[in-house]
Amino acid sequence: MAEGFHKALEEINRKLEKLDAIQTTVNEVQTSLQKLEGRIQKLEYSQTTASHDIENLKESLNKAEKQQQNSTASLKFYQEKTDLALTDLQKKNVVLEAKLKEVQDKNLYLEAYSRRENIIFENIVQETDKEDTELVVRTFLETELGYKDASTVEIQRVHRLGKKKEEKPRQIIARFLRYKNCEEILALGSRLRGSRFKMYQDLPYEIVARRRKQMDTFKEARKNNIPASFSRAQPDKLLIKGKIWPVGKPLEIPG
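So, how was this worked out
- Residues numbered from 1 in each chain as written.
- Predicted model: local features only at pLDDT ≥ 70, side-chain atom pairs only at ≥ 80, totals over all residues.
- Heavy atoms only, no water.
- Buried < 20%, exposed > 50% of the residue type's maximum accessible area, 1.4 Å probe, protein only.
- Helix = DSSP H or I, 4+ residues; strand = E, 2+ residues; numbered from the N terminus.
- Arc of directions from axis to C-beta.
- Contact = heavy atoms within 4.5 Å.
- Pairing = 2+ DSSP bridges.
- Axes fitted to C-alpha atoms, helices over the stretch in contact; angles between N-to-C directions.
- Salt bridge = Lys/Arg side-chain N within 4 Å of Asp/Glu carboxyl O.

When we look at burial in helix α3 (residues 179-186), the residues that qualify are Tyr179, Asn181, Cys182 and Ile185. Taken end-on, α3 shows its buried residues confined to a sector of 155 degrees, consistent with a single buried face. Buried residues along α3 sit against β1 (118-122), α2 (133-143), β3 (172-176) and β4 (198-201).

Okay, structure coming up:
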């Protein structure tokens, strides 16, 4: 009987040992579960924080997108406004340039008008340093042009231009009292053809430059007996049959 009790007691001890091992395992499992629960809580917290951060980021992106849209709209508005202002300025600039050219042309015509009684003579030899230039001009008018009023025509001023040169006589500019006399003298210019002498109206350089662009048309018209002349009021304008002829337009020669 004692032996049986002893065996039973040993069995009980073994079972108790197993229970202790199971308890230890259970404790370890509980500890692991607690740790796992802690990690899960941390993950859930991290997920919540991440979700919150994502929402904040989305909100920030939406705000940035709205700001960009507003900025783009504002930029477009100011660009359109600037373009309109620039277009308006360009139109005003065109008008101002046209007015400026008109004023410049008027001043140019006034200058030409103030010099219309002047005639320039070229290649008249200067015989002495103390020449009587007025007498030289009158002699030229009489001998080279055959101008009938050479001795009596009224001359306001007359002198040579520029510095003395050895190779070429200085030009003479004469200002006559009456424009009518200038017209009469200039009309005799054909008598100088083939000679070394030249004679022409004193005009501003800009007028002369503009006339050069029309000179071929002018000569062609004269060659074909088409009435051609330069305007008195606007001496840079070529008149063909009494009408202003556009620069560069081909001359219409009758068949």
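With that out of the way, let us pick up unusual backbone geometry. Phi at asparagine 123 takes a positive value of approximately 70 degrees, unusual for a residue other than glycine. Inspection of the secondary structure puts asparagine 123 in the loop between β1 and α2. By relative accessible area, asparagine 123 is classed as buried at 15%. With phi around 55 degrees, asparagine 225 is a residue other than glycine that occupies positive phi space. Within the secondary structure, asparagine 225 sits in the loop between α4 (205-223) and β5 (228-230).

The antiparallel open sheet is built from four strands, whose spatial order is β2-β3-β1-β4. Looking along the sheet, the strands with just one partner apiece sit at the ends: β2 (155-160) and β4. Averaged over all pairs of adjacent strands, the angle between their axes in this sheet comes to 15 degrees, without regard to strand direction. Packed onto the sheet, α2 meets β1, β2 and β3 and runs at close to 100 degrees relative to β2.

Before going further, it helps to spend a moment on the pattern of salt bridges. Throughout the structure, instances matching the rule amount to 18 salt bridges. In this structure, lysine 106 and glutamate 102 form a salt bridge, with 3.5 Å as the shortest nitrogen-oxygen distance. Placement of the pair is lysine 106 and glutamate 102 together in helix α1 (residues 2-114), with a separation of four residues, close to one helical turn. What makes lysine 106 partly exposed here is its relative accessible area of 49%. Salt-bridge contacts for aspartate 105 lead to arginine 210; the nearest nitrogen and oxygen are separated by 3.0 Å. Here arginine 210 lies in helix α4 and aspartate 105 lies in helix α1, a separation of 105 residues in the sequence. One salt-bridge network, in which partners are shared between bridges, spans Lys101, Asp105, Glu206, Arg210, Asp236 and Lys237.

All we've got here are geometric facts, nothing functional implied.
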